[in-house]
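Observations on the model geometry
Each chain, written out:
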There are 2 protein chains.
Amino acid sequence: MNATLPTARSSAIATLGIVGGGQLAQMTAQAASALGVEVAILERAAEFPARPLAARCLQGDWNDPRELVRLAEGCDVVTLENEFVDADALLQLEASGARLHPGAHTIRTVQDKFAQKSAFAKAGLPLPRFAAVESPGEVARLAREWGYPLVLKKRRNGYDGKGNATVRSEGEIERAWQQLGGGAHALYAEAFCPFVAELAIMVTRGLDGAFAVYPVVETVQKDHICHVVRVPSPAVGSHAPAVERIARCAVESVQGVGSFGLELFLLADGELLVNEIAPRVHNSGHYTIEACETSQFENHVRAVLGWPLGSTRMLAPAAVMINLLGAGPGPGRPAGLERAFAVEGAHLHLYGKRESARGRKLGHVTALGSSVEDAQARARAAADALVFGTPS
Amino acid sequence: MNATLPTARSSAIATLGIVGGGQLAQMTAQAASALGVEVAILERAAEFPARPLAARCLQGDWNDPRELVRLAEGCDVVTLENEFVDADALLQLEASGARLHPGAHTIRTVQDKFAQKSAFAKAGLPLPRFAAVESPGEVARLAREWGYPLVLKKRRNGYDGKGNATVRSEGEIERAWQQLGGGAHALYAEAFCPFVAELAIMVTRGLDGAFAVYPVVETVQKDHICHVVRVPSPAVGSHAPAVERIARCAVESVQGVGSFGLELFLLADGELLVNEIAPRVHNSGHYTIEACETSQFENHVRAVLGWPLGSTRMLAPAAVMINLLGAGPGPGRPAGLERAFAVEGAHLHLYGKRESARGRKLGHVTALGSSVEDAQARARAAADALVFGTPS
């Protein structure tokens, strides 16, 4: 560890600060605990999934550099659960002498999807056509060049499809522009990708630049939320080496350290196009907890603390992860727990959120199997047994 | 959950109270967290391994029924990390209306090794000869019948070989009697078992009486501490079904609920004799975290909360667990972390204890492998890389 930094005051092997306390922080803390690593959390909310696992909790605004510095006190390293933290505040955190991984520069590039794509383009990665736009007129001009549909996107703070609008004709441009708050928010346009499958891959990059590369998965989105993750997938086929190469290059192009999730489009002609990267552990990698020798969470902890990374080998022929989403308002505790636990080979993860809401991520199920069909049947049986809230 | 009990005040799926906060509680809390289950801990010490994972910590004497009742407030169920809690205090906890698993009756029977063996004898389980003794003269009389050596044992509070003394001749009886505090402490005598191997098995029994039975392992003790656990072991051979049958019967004979660890002796002629049972998750079952579909910790949580148990299927052909013991006084953080992390397939568990002491359990390593030799080589390489404290 860096001797110039304040060392942990507790008996922990190390202390990891996490900005944000949702389920990603919760699962990171579970992995950290096995390594004797304590976590300290900065959260805006008073209640959050990682709270019971945090040795120290700070309630405050993570865009306030003073709060970030307060979090870093007593931590060996600070990391992020989301990429929406103000990059200038993160720069001030680094200027204070704290170690932050991934760093402010990485977050600044990734959180602006136009800057992210520009960095990927500079690194020679395959991308859909994209361009910054400053007026509805510019969108119309691009559409005449690219054809319809095209996708208008917010440069910042979009996730799970929030911040995107598909434009199918010139008549739809103005409404999409208003919907995304064009003018108030910086937007960019992207050519629509007629994909046949969405692929994803987790990679962890160590402080020394070494990589741990996870299997390529197929993701199935529903209402723009990652819903099912399948590995192996016939769609991946012979593309795995290319996806792995793109993922390494993408993380290097933004000088990333830690676990990163890359999403790609696979087109009918076999072309791969990068969709976007998440500079953090990612929903498409939850399956690694049970399916891989070392989970994305443990490898993230090892990476940011400067330790060697662990094997990403699969422990079963196949794995399927299904998200557990709220059906409507109600408590965060689902009905059907006993039936779900009775499904052999299904691993339940419940995030302990207080309230259900329609579409809210409240947990996930991973099942291992002898084939992807076998794993999917088990995961589906457990997921279907659980109901969060009442459909409204 | 039982509607007549106070429900959890937090957003957790359920809240589990644990009496004791060492590494067994820590690993239980890690498993509980994935299920959205929070833990509350009653500990005598101010610092303990499970502390960072506890949503609520009470510092107090676990033999004081008022403290136990205070722990149970807001918990759905209370369980135990060790079997040395006063059984009358546990009875009072149950009388208060709290749910305790395993129950006071089970703990009372198991914590008195003479009562435990008597219950097993009544159930027809194979045991070494044993008898309560009230004077050195009675020991001498038994030895004339059984022959030397024999083992003199404390009926209560013995663990890791503490509380045992081997008597090799009549001249050694008096010293063994004094060493164990005969008179002040109730003792019993047991015929020495000339075993060729020590076997162990974890079983979890649900509230409904259903069993989850783990693979039979071979344990190698060093200085009376479980040091290496190997699965599969050639020593187990064709004995697995008999060991499984004995383990189920043993847990049923004490009306156990939760995970239990049973230790047995294997004699040269193939005879199996029960050594003792632990009414809790057990060191010989740590390998299940990585090696089995459902760990002993997750199944314990599921059992005591009344949920169906998970599969105990092995995910790899072999697994070996090696305990990490202190070499001498020093910090609880080992030297050699980076070298240990670099061993492929080795899973480090560090308990985050503040101080090392000679022989203190400070962590463990589990490695999976294609064979037990392969797994053992990996676990050994990682364990040998780590040094806790300075040999004195």
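Residues numbered from 1 in each chain as written. Chains lettered and ligands numbered in written order. Predicted model: local features only at pLDDT ≥ 70, side-chain atom pairs only at ≥ 80, totals over all residues.

Okay, the overall build of chain A next. Of the regular secondary structure elements, chain A holds 12 helices and 19 strands. Taking 2.2 N^0.38 as the reference for a compact globule, 392 residues should give roughly 21 Å; the C-alpha atoms of chain A span a radius of gyration of 21 Å, in line with that estimate. Each principal axis of the C-alpha atoms in chain A carries an extent, and together these give about 65 × 50 × 45 Å. Classification of the 392 residues of chain A by burial places 54% in the buried group. (Helix = DSSP H or I, 4+ residues; strand = E, 2+ residues; numbered from the N terminus. Rg over C-alpha atoms; globule rule 2.2 N^0.38 Å. Buried ≥ 20, exposed ≤ 12 C-beta atoms within 10 Å, placed from the backbone.)

This part is about the interface of chain B and chain A. With 36 residues of chain B at the interface, the matching set in chain A holds 36 residues. Contributions of two or more residues to the side of chain B that touches chain A are made by helix H1 (23-34), helix H11 (337-341) and strand E17 (346-350) of chain B. Top element by residues in the side of chain B that touches chain A is H1 of chain B. It accounts for four residues. Here the side of chain B that touches chain A is built from residues that sort into 17 nonpolar, 10 polar and nine charged. (Contact = placed C-beta atoms within 7 Å. Nonpolar A, V, L, I, M, F, W, Y, C, P; charged D, E, K, R; others polar.)

Here we take up the sheet that holds strand E1 (residues 14-19) of chain B. All names here are of chain B. Sheet architecture is open: four strands sit in the order E3-E2-E1-E4, paired in parallel fashion. For this open sheet the edge positions go to strand E3 (56-59) and strand E4 (77-80), each flanked by a neighbour on one side alone. This sheet shows a mean twist of 20 degrees between the axes of neighbouring strands, independent of strand direction. Where E1 and strand E2 (residues 37-43) come together, six bridges link them in parallel fashion. Across the sheet, Thr15 pairs through a bridge with Glu38, a residue of E2. (Pairing = 2+ DSSP bridges. Axes fitted to C-alpha atoms, helices over the stretch in contact; angles between N-to-C directions.)

Our next topic: the packing of helix H2 (residues 65-72) of chain B against helix H3 (residues 87-95) of chain B. Residue and element names in this part refer to chain B. Close contact between H2 and H3 brings their axes to 9 Å; oriented N to C, the two are set at 45 degrees. On the basis of the axis angle, H2 is oblique to H3. Crossing hand, H2 versus H3: right-handed. Listed contacts from H3 to Pro65, Leu68, Val69 and Ala72 of H2 are Ala89, Gln92 and Leu93. Looking at the contact of H2 with H3, its residues break down into six nonpolar, one polar and no charged. (Parallel < 35°, antiparallel > 145°, perpendicular 65-115°, else oblique. Left-handed = near helix turned anticlockwise from the far one by under 90°.)

Our focus in this paragraph is the domain arrangement of chain A. Residues and elements named next belong to chain A. Taken as a whole, chain A is organised into domain 1 (14-100), domain 2 (129-191) and domain 3 (195-385). Taking only C-alpha atoms into account, the centre of domain 1 sits 23 Å from that of domain 3. With 21 residues of domain 1 at the interface, the matching set in domain 3 holds 18 residues. For the side of domain 1 that touches domain 3, the elements supplying multiple residues, two or more each, are strand E1 (14-19), helix H1 (23-34) and strand E4 (77-80). At eight residues, the largest contribution of residues to the side of domain 1 that touches domain 3 is made by H1. Considered class by class, the residues forming the side of domain 1 that touches domain 3 number 11 nonpolar, six polar and four charged. (Domains from an automatic or database assignment.)

Membership of the largest hydrophobic core comes to 213 residues, with the highest contact counts inside it found for Ala319 of chain A together with Ala319 of chain B. If sequence neighbours within four positions are ignored, Ala319 of chain B has contacts with Val231, Tyr287, Glu290, Ala291, Thr366, Ala367, Leu368 and Ala375 of chain B. In this structure, Val139, Leu152, Val167 and Leu180 of chain A belong to the second largest nonpolar core, which totals 18 residues. (Core = buried A, V, L, I, M, F, W, Y, C linked by C-beta atoms within 7 Å.)

With that out of the way, let us pick up the sheet that holds strand E7 (residues 164-167) of chain A. Residue and element names in this part refer to chain A. If you trace the four strands from one edge of the open sheet to the other, you get E5-E8-E6-E7, paired in antiparallel fashion. A strand with exactly one partner marks an edge of an open sheet, and here the two such strands are strand E5 (130-133) and E7. Ignoring strand direction, the axes of neighbouring strands in this sheet form an average angle of 25 degrees. Of the strand pairs in this sheet, strand E6 (residues 150-154) and strand E8 (residues 187-191) are connected by five bridges, and their pairing is antiparallel. Each residue of the ladder has a partner; that of Lys154, found in E8, is Leu187.

A few words on unusual backbone geometry. Generally, phi is negative for residues other than glycine and the peptide bonds are trans, each holding for most cases. Residues and elements named next belong to chain A. Each neighbour pair has its own omega, and for His101 with Pro102 the value is -5 degrees, a cis peptide bond. Its place among the elements puts Pro102 in the loop between helix H3 (87-95) and helix H4 (104-111). Along the chain, Val231 connects to Pro232 via a cis peptide bond; the corresponding omega equals 0 degrees. Positive phi, normally seen in glycine, also occurs at Gln255, with a value near 50 degrees. With respect to the helices and strands, the residue Gln255 is situated in the loop between helix H8 (240-253) and strand E13 (258-267).

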